[in-house]
Amino acid sequence: MTQLSKRFDTFDALCPSDLEIAEGEFVVIVGPSGCGKSTLLRLIAGLEEPSGGQVFIDGRDVTDVAPAQRGLAMVFQSYALYPHLTVEENIAFPLKVQRFGKTEVRARVAAAAEALDLAPLLKRRPAALSGGQRQRVSIARAIVREPRVLLLDEPLSNLDAELRVRMRHEFARLHGRLGATMIYVTHDQLEAMTLANRIVVMSEGRIEQVGAPLELYAAPATLAVARAIGSPGMNLIPAIIDAADEQGVTLRLPEDKTLRAHVRAAADRVGEPVTVGLRPEHLVADAEGPLGGEVELFERLGPLSFAHLGARGGIGTVVAQLPGDRQVTLGETLRFSLPPSQVHVFDAQGQALAR
Ligand code: ATP
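An unreviewed UniProt entry lists the chain under the name ABC-type sugar transport system ATPase subunit, with Novosphingobium chloroacetimidivorans as the source organism. Quoted verbatim from the Sequence similarities (unreviewed entry) field of UniProt, the annotation for the chain is "Belongs to the ABC transporter superfamily."

(A) Main features of the overall build of the chain. Across its full length, the chain carries eight helices and 21 strands. Projected onto the principal axes, the alpha-carbon positions of the chain cover approximately 75 × 50 × 35 Å. When burial is assessed residue by residue, the chain has 37% of its 355 residues classed as buried. In the chain, of all internal contacts separated by at least 6 residues, the share reaching a separation of at least 24 is 64%.

(B) Here's a closer look at the site of the ligand. Surveying the vicinity of the ligand reveals the residues Phe8, Phe11, Ala13, Gly31, Ser33, Gly34, Cys35, Gly36, Lys37, Ser38 and Thr39. Taken together, the elements giving at least two residues each to the shell around the ligand come down to strand S2 (11-17) and helix H1 (37-45). The greatest single-element share of the shell around the ligand, amounting to three residues, is contributed by H1. In the shell around the ligand, the residues fall into four nonpolar, six polar and one charged.

(C) Up close: the sheet that holds strand S10 (residues 198-203). Judged by pairing direction, the sheet is mixed, and its six strands sit side by side in the order S7-S8-S9-S3-S10-S11 without closing on themselves. At either margin of the open sheet sits one strand with a lone partner, and together these are strand S7 (72-75) and strand S11 (206-211). Strand-to-strand twist in this sheet, taken as the mean axis angle between neighbours without regard to direction, amounts to 15°. In terms of strand pairing, S7 meets strand S8 (residues 149-153) through four bridges, oriented parallel. From the neighbouring strand, Ala73 faces S8, where its bridge partner is Leu150.

(D) Local environment of the pairing of strand S15 (residues 273-278). Bridge analysis of strand S12 (residues 235-244) against S15 gives six bridges, and the strand direction is antiparallel. Within S15, the position partnered with Asn235 by the bridge is Leu278. Here three bridges tie S15 to strand S21 (residues 344-346), and the two strands are oriented antiparallel to one another. Note on S21: the bridge partner recorded for Thr275 is Phe346.

(E) Summary view of the nonpolar core. Counting residues in each nonpolar core, the largest one holds 96 residues, and the members touching the most others are Ala140, Val201, Leu251 and Val345. Both of domain 1 (2-228) and domain 2 (235-346) provide at least three residues apiece to this core.

(F) Broad picture of the packing of helix H4 (residues 131-143) against helix H5 (residues 161-178). With their axes 11 Å apart at the nearest point, H4 and H5 run at an angle of 20° to one another. If you check the angle between H4 and H5, you find them roughly parallel. Between H4 and H5 lies a crossing whose hand is right-handed. Here Gly131, Gly132, Gln135 and Ile143 of H4 lie close against H5, whose contacting residues are Leu163, Arg166, Met167 and Leu178. Looking at the contact of H4 with H5 residue by residue, the class counts come to four nonpolar, three polar and one charged.

(G) Representation of the domain arrangement of the chain in the model. Looking at the assigned domains, one finds that the chain contains domain 1 (2-228) and domain 2 (235-346). Between the C-alpha centres of domain 1 and domain 2 there is a distance of 38 Å.

(H) The arrangement of the pairing of S2 in detail. Note that strand S1 (residues 2-8) and S2 share four bridges and pair antiparallel. The residue bridging Leu4 from the neighbouring strand is Ser17, located in S2. Turn length for the S1-S2 hairpin, with the two strands adjacent in sequence and antiparallel, is two residues, and the turn residue Asp9 shows positive phi of about 55°.

Rules used in this analysis
- Along every chain, residues carry numbers that run from 1 in the direction the sequence is written.
- This being a predicted model, a pLDDT of at least 70 is required before a residue's local features are given, and a value of 80 or more before pairs of side-chain atoms are given or counted; all residues contribute to the totals for chains, interfaces and linings.
- UniProt positions are given in the numbering used here, feature names are shortened, and annotations may be inferred rather than shown by experiment.
- Strands here mean DSSP runs of E at least two residues long; helices mean DSSP runs of H or I at least four residues long; both are numbered from the N terminus.
- Here the C-beta atoms are placed from the backbone, and a residue counts as buried if at least 20 other C-beta atoms lie within 10 Å of its own, exposed if 12 or fewer do, and partly exposed otherwise.
- Here contacts are defined at the residue level, using C-beta atoms placed from the backbone and a cut-off of 7 Å between them.
- Only the C-beta atom matters for nearness: placed from the backbone, it must lie within 6 Å of the molecule or strand for the residue to count as near.
- In this classification, the charged set is Asp, Glu, Lys and Arg, the nonpolar set is Ala, Val, Leu, Ile, Met, Phe, Trp, Tyr, Cys and Pro, and all remaining amino acids, among them Gly, are polar.
- Two strands are counted as paired when DSSP detects at least two bridges linking them.
- Every angle, taken between N-to-C directions, lies between 0 and 180 degrees, and every axis is a line fitted to C-alpha atoms, over only the stretch in contact when it is a helix.
- To define a nonpolar core, we join buried Ala, Val, Leu, Ile, Met, Phe, Trp, Tyr and Cys residues through C-beta atoms within 7 Å and take the resulting set.
- Domain delimitation follows an automatic or database domain assignment.
- By the definition adopted for this analysis, an angle is roughly parallel if under 35 degrees, roughly antiparallel if over 145, roughly perpendicular if from 65 to 115, and oblique otherwise.
- Rotating anticlockwise by less than a right angle from the far helix to the near helix defines a left-handed crossing, while the corresponding clockwise rotation defines a right-handed one.

If you want it as structure tokens, here you go:
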């Protein structure tokens, strides 16, 4: 898509954006509520008319092509199935509409049912299925036309935690089996990190950054990406650039603590306000460290734990990752330092300072 945009009255739901998705890619779109994820997906599907720009599929300009003729299928979070039809009839429905022959319908329904483990349920009606089974039927119905592109808008958001995990694995397998291009909108960190070949991070109607999950995790280009990727999220602390030299910068944190960061800044940026970004797993226990506070909340996850420290002086809460077997009592004071290579710095416009 090139310079694709959508304006509702005076509101830019999508600012002119470019994005190229390769055949067979699994692309996940993330970002806070209202940032334009669904709008982008609906523009690609043709369910929304763009205010500007073009959509190409296989090099063909489909901007003015009707949704049904674009060769893609869409799965929504509300997976409306026909209640009076059996699973088999529901899956076959799009093929019947397109007047496929009986043998072809049977073969394709069998293949879709096999891909989603629905063979034993074909004669049931939707009312006799669990939430996850219904969702699998709606996915089967979407893939039965063998779309080259599958669009999914928060397909797992109505499912309970255990089913989400199972369906996440199903999607990974399905992508491997179908080889279709998948564009998937989610709020869920784990879904994004584990399923995506590339993640698209959106914020306020803009594409902020596009990249492999670990690339975005390790080097968020903007503050919005730093906020969107990682769970628990990156600690974000206000600071001032105190000094800049060949190796990096010295940052002054609230409470007059200092921290080194291996990022580049010209000498004339000294005095500039910035935001320091620290991943919870990069905090290193250090009694003399610049960051710390009393443990207000302690979450034990088994293999690891998270300590939430009530830091003073405008820092807010700082989250530190600790080993799973670390003993901690509430109210205890913990202090941490950080390797300068792991400290992210964002300027007042939210842009990351280069390393
Ligand atoms: P969520 O994660 O909450 O589903 P989203 O990122 O998918 O959010 P969109 O549904 O794409 O967000 O909406 C983007 C913005 O456009 C929102 O602020 C929304 O209120 C606005 N919007 C969407 N559809 C319309 C419409 N038909 N008329 C006016 N504004 C709209």
